[in-house]
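Residue-level structural notes
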There are 2 protein chains.
Amino acid sequence: MMQEIRFNAFTMNCIGHQSPGLWTHPRCRSTGFNTLAYWTDLARILEQGLFDGVFLADVLGVYDVYGGNADAALKAATQVPAGDPMLLIPVMAMVTRDLGFGVTSSLSYEPVFPFARRMSTLDHLTGGRVGWNIVTSYLDSAARASGQTRQRAHDDRYDVAEDYMQAILALWERSWEDGAVLADRARAIYADPSRVHRIQHHGPHVQLDAVHLQEPSPQRTPVLYQAGSSPRGREFAARYAECVFVSGPTAAIVGARAQAIRALATAAGRDAAAIRCFSLATVIVAETDAEARGLLEEYRGHVSHEGALALMSGWTGVDLSSLPPDQAIRHVENDAGRSALDNITRADPDRSWTVRDVAEHVGIGGIGPVFTGSAVSVADRLEAWVAESGIEGFNLCSVVAHETFEAVGRLLVPELQRRGRFKRAYRPGTLREKLGGTARTRR
Amino acid sequence: MMQEIRFNAFTMNCIGHQSPGLWTHPRCRSTGFNTLAYWTDLARILEQGLFDGVFLADVLGVYDVYGGNADAALKAATQVPAGDPMLLIPVMAMVTRDLGFGVTSSLSYEPVFPFARRMSTLDHLTGGRVGWNIVTSYLDSAARASGQTRQRAHDDRYDVAEDYMQAILALWERSWEDGAVLADRARAIYADPSRVHRIQHHGPHVQLDAVHLQEPSPQRTPVLYQAGSSPRGREFAARYAECVFVSGPTAAIVGARAQAIRALATAAGRDAAAIRCFSLATVIVAETDAEARGLLEEYRGHVSHEGALALMSGWTGVDLSSLPPDQAIRHVENDAGRSALDNITRADPDRSWTVRDVAEHVGIGGIGPVFTGSAVSVADRLEAWVAESGIEGFNLCSVVAHETFEAVGRLLVPELQRRGRFKRAYRPGTLREKLGGTARTRR
């Protein structure tokens, strides 16, 4: 097979994840996010479409930079209300056999010991199909929800992250040796205590002295995902991540970012080719180009500009409600904000991007590119994108639940299969093995 | 109907919860605790038996007082390995319609903001069938796992608990008004921001300033369970608990404890009759008395004395490995330990209880009484127990998974139904309504 193209479904336990306002579309089911059937239906659709996994974003705060409050986010149901992502995974695992499950958890707000147990439990219950998107959070509102006045400085968050990783990897990898579980009924010995070890970690930010509560799960350490775009974030990704989200407006930019992380990984002594890079994108595919364009127009009529700007204000830290809609946005002070804005405007750097333009762009699929057309047209564009960037696949956003992902599986995947670009069946084994970066079950 | 008798199934996401060693019984399935089918099978069995709920215990540490290490607990699989309990609930909800789900979470180790969201998410996904067993933890090993050198003093833990309750109840009850969710597609307004409020809580132990991330779930606040036996614990239960676990070796002792909590609840201005008191017990029921006695004997052959003493040492804080098996245990210094020991020895206060006796007692069903016999015999004893104590039901332990609970549903429940002592169908509504202490959906 030629280089395979991989799909993740990028979603969140909420109504409006990346396409603010689209919940008002008559076919959109996302207001059913608090029901089990919403998620089991999604899981079945994704497995039928041979998606590698469903990827659950999360934030532990509200988008309240826009207008200085959460009003716009609440009206547009933009990432609020939002539920816990982990609780969805067991039911999705129940109705599938191969689909993977990535979950975002912020190590800024999850105490390491119970979190390590939660992930091990998920890895057990899913038979080794779990991944963890390591984030350090970016919303001040999340810090205030935890009783802090504001979040830690960006680089400090990565210092905590390093410490946290050492502790959690020790719990997963070194507390229970292989062979510690005997489950010997005749001798009445479940575990051999000489092979179970207390982990004593006394770092600057994380301390623990404990036996990991779970016996080793199929993968021990879940597949590690990361999305760092800052220098510290890229360094961190290069050291730990097995899958990296490298978003950007053009294949050239994404390719350069992926290459930078691979170079850092090589420098850190890792096999850079084993890292799977996924680029954020939205696919609107239909029987014909015209029909797909029609769908896109129909969807655009449901975008909430306010919801989009609430997201963008949260990402950039700039209150965009203070600017008139037709004012051009030229400059954003902070790093994260510049990166989010760049991801939009560098698609067309000569254009003067106004607040309204940005809202319209974010309205469908957030800061990623949108590929609209027939299966043939979209497949052409994805092939070209992969060829130019050297990435392994796409983290696809939903526009209308579950219509967007259903169409990808029904129309686009068969076209990519015909081209020898998409698997015809899942690989056996754990999520780590299915992703194909390594033959190992474990990290 | 005469006063109804209610059953909860008391279990834990582990191999050996209350009957250490019984996992070695050839029919016991508990080593399958890390699979989804183990829990969905259990849920179906319990709903068929019209149990009110499945109650999941939890500890965030290991039993390492016995011998000064976790060896005995590991060998006997006594509450280690153990998985996260919450992750089991969605799948059990998926295969049932009425069964309730109580989950133990320690407010000593769960940051309030994400925990509040988790419980709201569970209440949504289960359609309002969730309860929370509020605990403050009792194992030093759990404190060390969180980077503390030892746990807080008992009364300090209850100071934290009070503060925590104020914060979490504010998130559940006051952040989103009724009617805040409009879900108005035509006007593109999901939530009315004027009806969603930031909760600002600045207590001595818990601080937060945040909008609750979830919209109101069917019950808002899950049904609150508590098991406090100390003076501070009883006070706390009297203020908050809708269901109370009142364990004890005799109906008279349990009755006095339940009465004490009801009196405190009345003094706190609550309707004491609305509180549901459940007593820990184990039922071994079979077609005949002789067959049941045979089963008990068979089970006893699988008890792990070491596992039982590991539990008892953890509960009492006394390393029982340092005493010879035939030494009488007369006195335990600390309050919690005395209470655990009392629950065994006061069943027969004139007897000289040795270490071995205690291990044998704990081996089947922990510190609770064991009712063994035909359905008629056990029903007689439960009726007498309820009449004498005035409690509403029993928190039943598993001996052999899932044989113990299956037999209760198949043999004992029909006998109690014939006597007009057990419901023939679930009540409609949320768990709170099904429990019958109140007609309200919400607290």
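Each chain carries its own residue numbering, running from 1 in the written order of its sequence. To read the labels, note that chains go from A and ligands from 1, taken in the order they are written. Predicted model: local features are reported for residues with pLDDT of at least 70 only, side-chain atom pairs are reported and counted for 80 or more only, and whole-chain, interface and lining totals are derived from all residues. Hydrogens and waters are ignored; side-chain quantities use all the structure's heavy atoms.

Short version of the rule: UniProt positions are given in the numbering used here, feature names are shortened, and annotations may be inferred rather than shown by experiment.
As annotated in an unreviewed UniProt entry, chain A carries the name LLM class flavin-dependent oxidoreductase and comes from Lichenicoccus roseus. UniProt, in its Sequence similarities (unreviewed entry) section for chain A, records the words "Belongs to the NtaA/SnaA/DszA monooxygenase family."

As for the overall build of chain A
Heads up, the condition is: In this description a helix means any DSSP run of H or I spanning at least four residues, a strand means any run of E spanning at least two, and both kinds are numbered starting from the N terminus. Both definitions apply: the radius of gyration is a C-alpha atom measure, and the globule rule equals 2.2 Å times residues to the power 0.38. Each residue's exposure class comes from its accessible area (1.4 Å probe, protein chains only) as a fraction of the maximum for that residue type: buried when under 20%, exposed when over 50%, partly exposed otherwise. Only heavy atoms matter for contacts: two residues are in contact if any of them lie within 4.5 Å across the pair. Residue burial considers only the protein chains on display, and all accessible areas are found by Shrake-Rupley using a 1.4 Å probe. Working convention for charge: Lys and Arg count positive, Asp and Glu count negative, and His plus the chain ends are omitted. Where a charge lies is defined by one atom per residue type, namely NZ (Lys), CZ (Arg), CG (Asp) and CD (Glu).
The secondary structure content of chain A amounts to 15 helices and 13 strands. Computed over its C-alpha atoms, the radius of gyration of chain A comes to 22 Å, within 12% of the 22 Å expected for a compact globule of 443 residues. Dimensions along the principal axes, computed over C-alpha positions, put chain A at roughly 75 × 55 × 45 Å. Buried residues in chain A amount to 64% of all 443 residues. Looking at chain A alone, contacts between residues at least 24 apart form 76% of all its contacts between residues at least 6 apart. Carbon and sulfur atoms make up 48% of the accessible area of chain A, which amounts to about 15000 Å² in all. When the 46 positive and 50 negative side-chain charges of chain A are each reduced to one mean point, those points stand 4 Å apart.

Structural notes on the pairing of strand β4 (residues 130-135) of chain A
Residue and element names in this part refer to chain A. The test is simple: Note: two strands are recorded as paired if DSSP finds a minimum of 2 bridges between them.
Of all six residues in β4, five are buried; the element is thus mostly enclosed. Strand direction decides the pairing type here: strand β3 (residues 100-106) and β4, joined by six bridges, are parallel. Note that in β4 the partner of S105 across the bridge is I134. Here β4 pairs with strand β9 (residues 223-226) via three bridges, running parallel. Across the sheet, residue G131 finds its bridge partner in β9, namely V223.

Notes on the UniProt feature "binding site: FMN" (unreviewed entry) in chain A
Residues and elements named next belong to chain A. Taking the UniProt record as the reference, the feature "binding site: FMN" (unreviewed entry) is found at D58, T104, H154, Y158, S229 and S230. What S229 contacts, discounting residues up to four positions off in sequence, is R234 and S339. Its place among the elements puts S230 in the loop between β9 and α7 (231-240). On the accessibility criterion, S230 (15% relative accessible area) is buried. Sequence-distant contacts of S230, defined by excluding residues within four places in its chain, comprise H154 and Y158.

Regarding the interface of chain A and chain B
Many authors give the size of an interface as the accessible area that is lost as the parts come together. We count it as follows: What gets called buried area is simply the loss in accessible area from a 1.4 Å probe that two parts show on being joined, summed for both. By salt bridge we mean one thing: a side-chain nitrogen of Lys or Arg within 4 Å of a carboxyl oxygen of Asp or Glu. In this classification, Asp, Glu, Lys and Arg are treated as charged, Ala, Val, Leu, Ile, Met, Phe, Trp, Tyr, Cys and Pro as nonpolar, and every other residue, Gly included, as polar.
The partner chain B presents 69 residues to the 69 residues of chain A that form the contact. Around 5900 Å² of area is buried between chain A and chain B when both sides are counted, 65% of it from carbon and sulfur atoms. Remark: the boundary between chain A and chain B carries six salt bridges. Its salt-bridge partner being R118 of chain A, residue D84 of chain B comes within 3.2 Å of it at the nearest N-O pair. Looking at the side of chain A that touches chain B, the elements with two or more residues in it are α1 (36-48), α2 (71-76), α3 (89-94), α4 (112-125), α5 (140-145), β5 (181-184), β6 (189-191) and β8 (207-210) of chain A. Per-element tally for the side of chain A that touches chain B: the top contributor is α4 of chain A, with eight residues. Looking at the side of chain A that touches chain B residue by residue, the classes come out as 42 nonpolar, 15 polar and 12 charged.

Regarding the packing of aromatic side chains
In plain terms, the rule: Put simply, two rings from Phe, Tyr or Trp (the six-membered ring, in Trp's case) pair if the centres are within 6.5 Å, and we call them stacked under 30 degrees between planes, edge-to-face over 60, tilted for the rest. Cation placement over rings: the criterion is NZ of Lys or CZ of Arg within 6 Å of the ring centroid and within 35° of the ring normal.
Following the criterion strictly, the structure yields 36 aromatic pairs over all chains and no others. Geometrically, the ring pair formed by F51 of chain B and F405 of chain B is edge-to-face, given 5.7 Å between the ring centres and 75° between the ring planes. With F51 of chain B in the loop between α1 (36-48) and β2 (53-57) and F405 of chain B in helix α14 (residues 403-418), this residue pair connects regions lying 354 residues apart in the sequence. Taking the relative accessible area as the measure of exposure, F405 of chain B reaches 2% and is therefore buried. Here the aromatic rings of F55 of chain B and F245 of chain B are separated by 4.8 Å at their centres, their planes lie at 85°, and the arrangement is edge-to-face. Highlighted residues: F55 of chain B in strand β2 and F245 of chain B in strand β10 (residues 243-245), separated in sequence by 190 residues. In terms of burial, F55 of chain B and F245 of chain B fall into one category: buried. Over the ring of W353 of chain A we find R351 of chain A, and its NZ or CZ is 4.0 Å from the ring centre.

Quick notes on the packing of helix α6 (residues 154-174) of chain A against α7 of chain A
All names here are of chain A. Which entries qualify depends on this criterion: Lines fitted to C-alpha atoms define the axes, with helix axes restricted to the stretch in contact, and inter-axis angles between N-to-C directions lie between 0 and 180 degrees. Here roughly perpendicular refers to angles of 65 to 115 degrees, roughly parallel to angles under 35, roughly antiparallel to angles over 145, and oblique to all remaining angles. By convention, the crossing between two helices is left-handed when the near helix turns anticlockwise from the far helix through less than a right angle, and right-handed when the turn is clockwise.
Running from N to C, α6 and α7 point in directions that differ by 15°, and their axes come no closer than 10 Å. As summarised for this structure, α6 and α7 are arranged roughly parallel, according to the angle between their axes. In this structure, the crossing between α6 and α7 has a hand that is right-handed. Between α6, through H154, D155, Y158, D159, A161, E162, M165, Q166 and L169, and α7, the contact on the second element is made entirely by R232, G233, F236, R239 and Y240. Per-class residue counts for the contact of α6 with α7 are six nonpolar, three polar and five charged.

Brief notes about the relation of the copies chain A and chain B
What counts is decided by this rule: The fit set for superposing copies consists of C-alpha atoms from residues with pLDDT of at least 70 in both; the fit itself is least squares.
In the superposition of chain A on chain B (RMSD 0.0 Å, axial shift 0.0 Å), the rotation amounts to 180°. In symmetry terms, the pair is related by a two-fold rotation axis. Looking at chain A, 100% of its interface residues are interface residues in chain B too, so the copies touch through the same face.

A look at the environment of G301 of chain A
Residues and elements named next belong to chain A. By secondary structure assignment, the location of G301 is in the loop between α9 (289-300) and α10 (305-316). Owing to a relative accessible area of 65%, G301 belongs among the exposed residues under this scheme. Spatially, the C-alpha atom of G301 lies 43 Å from that of V160, the residues being 141 residues apart in sequence.

A short note on the packing of helix α8 (residues 251-267) of chain B against helix α13 (residues 375-389) of chain B
All names here are of chain B. Contact geometry of α8 with α13 gives a least axis separation of 8 Å together with a crossing angle of 40°. On the basis of the axis angle, α8 is oblique to α13. As α8 runs across α13, the sense of the crossing is right-handed. Packed against α8, whose contacting residues are A251, A252, V254 and G255, the element α13 presents W385, E388 and S389 at the interface. The residue inventory of the contact of α8 with α13, partitioned by class, reads four nonpolar, two polar and one charged.

Remarks on α4 of chain A
Residue and element names in this part refer to chain A. Stated precisely, the cut-off is as follows: To estimate the expected span of a helix, subtract one from its residue number and multiply by 1.5 Å.
Its 14 residues place the ends of α4 20 Å apart at the C-alpha level, agreeing with the 20 Å of an ideal helix rising 1.5 Å per residue. Among the 14 residues of α4, 14 are classified as buried, and the element is accordingly described as predominantly covered. Trailing α4 by a residue or two, G127 shows a phi angle of about 65°, which is positive.

A short note on α1 of chain A
All names here are of chain A. Between the first and last C-alpha of α1 there are 19 Å, a value that for 13 residues agrees with the 18 Å anticipated at 1.5 Å per step. Along α1, the positions that sit buried rather than exposed are L36, Y38, W39, T40, L42, A43, L46 and E47. Phi for L50, located one or two positions after α1, is positive at around 55°.

Examining the pairing of β3 of chain A
Residue and element names in this part refer to chain A. Counting buried residues along β3, seven of its seven residues qualify, which places the element largely inside the surrounding structure. A two-sided burial pattern is seen for β3, the buried positions comprising G100, G102, T104 and S106 on one face and F101, V103 and S105 on the other. The pairing of strand β2 (residues 53-57) with β3 spans four bridges and is classified as parallel. When the sheet's bridge partners are listed, L56 is paired in β3 with V103.

Considerations on the side chain of R419 of chain B
All names here are of chain B. Worth spelling out the cut-off: The term polar contact refers here to a pair of N or O atoms within 3.5 Å; inside protein, the definition further demands a hydrogen-donor-capable atom paired with an acceptor-capable atom, and it admits residues adjacent in sequence only when both atoms are side-chain atoms.
Within the element layout of this structure, R419 appears in the loop between α14 and α15 (431-435). Taking the relative accessible area as the measure of exposure, R419 reaches 19% and is therefore buried. A polar contact is formed between the side chain of R419 and the backbone oxygen of V376, at a distance of 3.2 Å. Residues contacting R419, with those up to four places away along its chain left out, are M2, V376, A379, D380 and E383.

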